Amino acid sequence: MVLASPIAFLVLVVCGVVVLGSILVAGREFHTAYRVFSAPTGRVSDLLTDSEGAIELHGTARTTDGTVPGPVTGTECLLAEVVVEEYESNQHGGSWTEVDSATRSRPFVLADDSGSVLVDPRAANVRLGRDVEEVRVDGGTAPSEQIRRYIEDNDDLSSENTHLDVGPLSLSTGTDRRYTERRLRPGGAVYVLGRARPESGRAGSVNAVVGADVESGTRLLVSDRSPRATGLRALGRGGLYLVPGALVAGICLLVFVA
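Residues numbered from 1 in each chain as written. Predicted model: local features only at pLDDT ≥ 70, side-chain atom pairs only at ≥ 80, totals over all residues. Heavy atoms only, no water.

**Brief notes about the overall build of the protein chain**
Here is step 1 of the chain: From N to C terminus, the protein chain includes three helices and 15 strands.
Here is step 2 of the chain: Going through the 258 residues of the protein chain one by one, you find that 37% of them count as buried. (Helix = DSSP H or I, 4+ residues; strand = E, 2+ residues; numbered from the N terminus. Buried < 20%, exposed > 50% of the residue type's maximum accessible area, 1.4 Å probe, protein only.)

Okay, structure coming up:
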């Protein structure tokens with residue numbers, strides 16, 4: 001029993017960390033869903049009489065200050081998110097593991113049938129899923145010029161185009177990668193949930209900017225789906241994040257009972 005106690009304690013600690021992490025991540029998703037469902041969808045024209053406070057808007061994204069190139073494809077976007085994954089072989093065949101991610105954005109205009117307002121998407125909570133492109137690059141293969149520049153500008157990411165030369169033979173040593181780019185392009189549907197603040201608007205826009213809530217530290221939420229779909233997806237993600245924690249908790253409980 002004395003020898004088993006440290007092992008049991010270690011197992012308990014590991015279980016606790018996994019369960020707590022699962023609960024925290026799921027809690028963030030449930031909180032996002034709560035924010036979405038509890039906020040009534042407003043109209044841009046509401047900012048004409050009250051240009052300060054929390055607001056939820058759904059409309060069309062339009063360019064106002066240029067665009068940014070997608071990190072993977074170079075497609076001109078208002079907001080682009082890239083996730084880089086590497087393939088890791090294991091006893092079950094293999095799986096993709098995220099090794100890097102990045103977001104690029106420009107201020108853009110959200111327009112509905114009542115008007116338009118400037119949106120500041122810096123450090124936003126981005127939930128894009130309609131305009132998605134995936135690029136796979138085998139280890140030891142030269143990536144596209146766009147991806148090569150992305151790697152060169154990223155200190156945390158090395159090239160997958162590596163080889164080991166053994167005499168006349170050249171063996172590929174790079175890891176297979178998957179680059180997934182999610183985009184919001186001019187003319188795309190957009191939903192934002194954030195805080196409006198008074199500011200001189202662009203020509204044809206209300207005198208306000210919608211962005212993060214600096215006082216509470218709440219990030220601006222940007223999605224390319226409707227408010228209802230955005231909230232339901234957050235609920236679903238929260239439920240999925242709870243599954244690992246529930247499984248680990250159940251296994252640990254069975255072990256300790258046994």
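That shown, we press on.
**Structural notes on the layout of surface pockets**
Here is step 1 of the chain: The volume enclosed by the largest pocket comes to roughly 860 Å³.
Here is step 2 of the chain: Every residue lining the largest pocket is counted, 33 residues in all, and those nearest its centre are Glu-29, Asn-125, Val-126, Arg-127 and Arg-237.
Here is step 3 of the chain: For the lining of the largest pocket, the elements supplying multiple residues, two or more each, are α1 (4-38), β4 (79-88), β5 (95-105), β8 (125-127), β12 (177-184), β15 (221-223) and α3 (227-257).
Here is step 4 of the chain: Examining the composition of the lining of the largest pocket, we find that six residues originate from one element, α1, more than from any other.
Here is step 5 of the chain: A breakdown of the residues in the lining of the largest pocket according to their chemical character gives 10 nonpolar, 11 polar and 12 charged.
Here is step 6 of the chain: Here the lining of the largest pocket gathers at least three residues from each of two domains, domain 1 (1-38 + 226-257) and domain 2 (39-225).
Here is step 7 of the chain: For the second largest pocket, the calculated volume is near 340 Å³.
Here is step 8 of the chain: Each residue belonging to the lining of the second largest pocket can be placed in one class, and the counts come to seven nonpolar, seven polar and seven charged.
Here is step 9 of the chain: Here the lining of the second largest pocket gathers at least three residues from each of two domains, domain 1 (1-38 + 226-257) and domain 2 (39-225). (1 Å grid on protein atoms, 1.4 Å probe; cavity = no way out; pocket = protein on both sides within 12 Å on 5 of 7 lines; lining within 4 Å. Points joined across faces, edges and corners; volume = space filled by probe spheres on them. Nonpolar A, V, L, I, M, F, W, Y, C, P; charged D, E, K, R; others polar. Domains from an automatic or database assignment.)

**Some remarks on the environment of Phe-37**
Here is step 1 of the chain: As for its position among the elements, Phe-37 is in helix α1.
Here is step 2 of the chain: Look at Phe-37 and you get partly exposed, because its relative accessible area is 44%.
Here is step 3 of the chain: Counting along the chain gives 193 residues from Phe-37 to Thr-230, while the straight-line C-alpha distance between them is 9.3 Å.
Here is step 4 of the chain: The residues touching Phe-37, leaving out its near neighbours within four places in the chain, are Arg-228, Gly-231, Leu-232 and Leu-235. (Contact = heavy atoms within 4.5 Å.)

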